[in-house]
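Breakdown of the fold
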Amino acid sequence: MALSVQFWSLLCLFLVLLQLLFAATASVPGSITGCYTSIFSFGDSLTDTGNLYFISEPQSPNCLLPPYGETHFQRSNGRCSDGRLIVDFLAESLGLPYVKPYLGFKNGVVKHGNIEQGVNFAVAGATALDRSFFEEKGFTVGVTTNYSLRVQLEWFKELLPSLCNSPSSCKKVLRSSLFIVGEIGGNDYGYPLSETKAFGDVIPYVPQVISAITSAILELIDLGAVTLVVPGIVPLGCNSAYLTRFATVDEKEYDQAGCLKWLNMFVEYHNELLQIELNRLRVLYPLTNIIYADYFNVALHFYTSPEQFGFGDNVLKVCCGGGGPYNYNDTVKCGDSGVIACDDPSEYVSWDGYHLTEAAYRWMTKGLFDGSYTIPKFSVSCFTGHISGGFNYYAME
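Section: the state of the cysteines
Here the structure, examined in full by the defined rule, presents five disulfides. Residue Cys-63 pairs covalently with Cys-80 via a disulfide, S to S 2.1 Å. Of note, the bridge from Cys-63 to Cys-80 carries an S-S torsion of about 120 degrees and is right-handed in sense. Taken together, the residues span a long stretch of sequence, with Cys-63 in the loop between strand 2 (38-42) and helix 2 (86-93) and Cys-80 in the loop between strand 2 and helix 2 at a distance of 17 residues.

Written as structure tokens, this is what we have:
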């Protein structure tokens, strides 16, 4: 593994140099400021506010069961956390209602209300690549791969006539909207990582995942999107589920925080490749605001300096889990009978081994809003500064 780590270090250095080269030629403004009247979001479980609820009957995923949602909503509602997600805090900060799930509207369960204020197309478990890609590789895939990024875009296009009825009116609506494209890609890598941790087996997936994300961005721009936030992937090497799966007695495999170095290097490779592609798009579309949200580094600080955020000493341990060194057990998960959540989720980064707590998502949102973890700096002129409180909007009212 030492040679592999050295290889990845050189690869990441090469990507950084490429990033600097693209940055030198790209037209990246010093900051982007705006006031947005709606949010349209795409992605996976880090963003899904309830679409999972409407597709999950065959598999009954744990995210739909208590104690999920206990911190803020006092009930499970399709969010894979104990409470609010980044998209929820973002909506609060803009003075908008929580972004409700598209499938709730489509199935007639969620009242239409004012869909011009935003709709969420993200689905927990979704991938950037289509289901057929994984099936051709011989992977056994779940039902949520039916709702890839391409499918979510088709949903948005189906909804578009309900938002506007002419090219000019659509242009007006979409110009004042904030589009969140991701985070997505983590589930794509989850399939090969379930069978290997050899770098050479996983590397070929990255350009294909980035290409799928790029295609989605281009299609949204063609439809009229002007401001798009594109997050990178969080540090999977600090993910309790992966730490359990790839546990080793070799201390050199871990960094000072206890995270797996090789897996975080892989995530950095994805994120660097994504940023290079975003810089290329900025050159092609100078009138479009394309914002990279650095989920990796904003979350990495939780593990390197947990005391600054009020997290406990064992920052890698899961709040809601079934035991083990990290309180994560793949056979007894949060939501299963007999599994009890911790007393205070705000002291934990990880909620269930794969997803973060509301407290972690709140800190991430603050990091994004102060501009330290967005490229270019992201701010809104109508920002309320209110991230810790909340509106009384529920996901499926």
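Considerations on the side chain of Ser-76
Following the sequence through the fold, Ser-76 ends up in the loop between strand 2 and helix 2. Classification of Ser-76 as buried rests on a relative accessible area of 18%. There is a polar contact of 2.8 Å between the side chain of Ser-76 and the backbone oxygen of Leu-64. Residues within four places of Ser-76 in sequence aside, it is in contact with Cys-63, Leu-64, Leu-65, Pro-66, Tyr-68 and Gly-69.

Let's talk about the packing of helix 12 (residues 295-304) against helix 13 (residues 358-369)
Describing two packed helices takes the angle between their axes plus the distance from one axis to the other. Contact pair helix 12 / helix 13: the axes reach a minimum separation of 10 Å and the direction vectors enclose 125 degrees. On the basis of the axis angle, helix 12 is oblique to helix 13. Handedness of the crossing formed by helix 12 with helix 13: right-handed. Where helix 12 abuts helix 13, its residues Tyr-295, Val-298, Ala-299 and Phe-302 lie against Ala-360, Trp-363, Met-364, Gly-367 and Leu-368. Grouping the amino acids of the contact of helix 12 with helix 13 by side-chain chemistry returns eight nonpolar, one polar and no charged.

Some remarks on the environment of Val-318
Following the sequence through the fold, Val-318 ends up in the loop between helix 12 and helix 13. The spatial distance from the C-alpha of Val-318 to the C-alpha of Thr-357 is 9.5 Å, given a sequence separation of 39 residues.

Conventions adopted
Residues numbered from 1 in each chain as written. Predicted model: local features only at pLDDT ≥ 70, side-chain atom pairs only at ≥ 80, totals over all residues. Heavy atoms only, no water. Disulfide = S-S within 2.5 Å. Helix = DSSP H or I, 4+ residues; strand = E, 2+ residues; numbered from the N terminus. Buried < 20%, exposed > 50% of the residue type's maximum accessible area, 1.4 Å probe, protein only. Polar contact = N/O pair within 3.5 Å; in protein donor to acceptor, adjacent residues only side chain to side chain. Contact = heavy atoms within 4.5 Å. Axes fitted to C-alpha atoms, helices over the stretch in contact; angles between N-to-C directions. Parallel < 35°, antiparallel > 145°, perpendicular 65-115°, else oblique. Left-handed = near helix turned anticlockwise from the far one by under 90°. Nonpolar A, V, L, I, M, F, W, Y, C, P; charged D, E, K, R; others polar.

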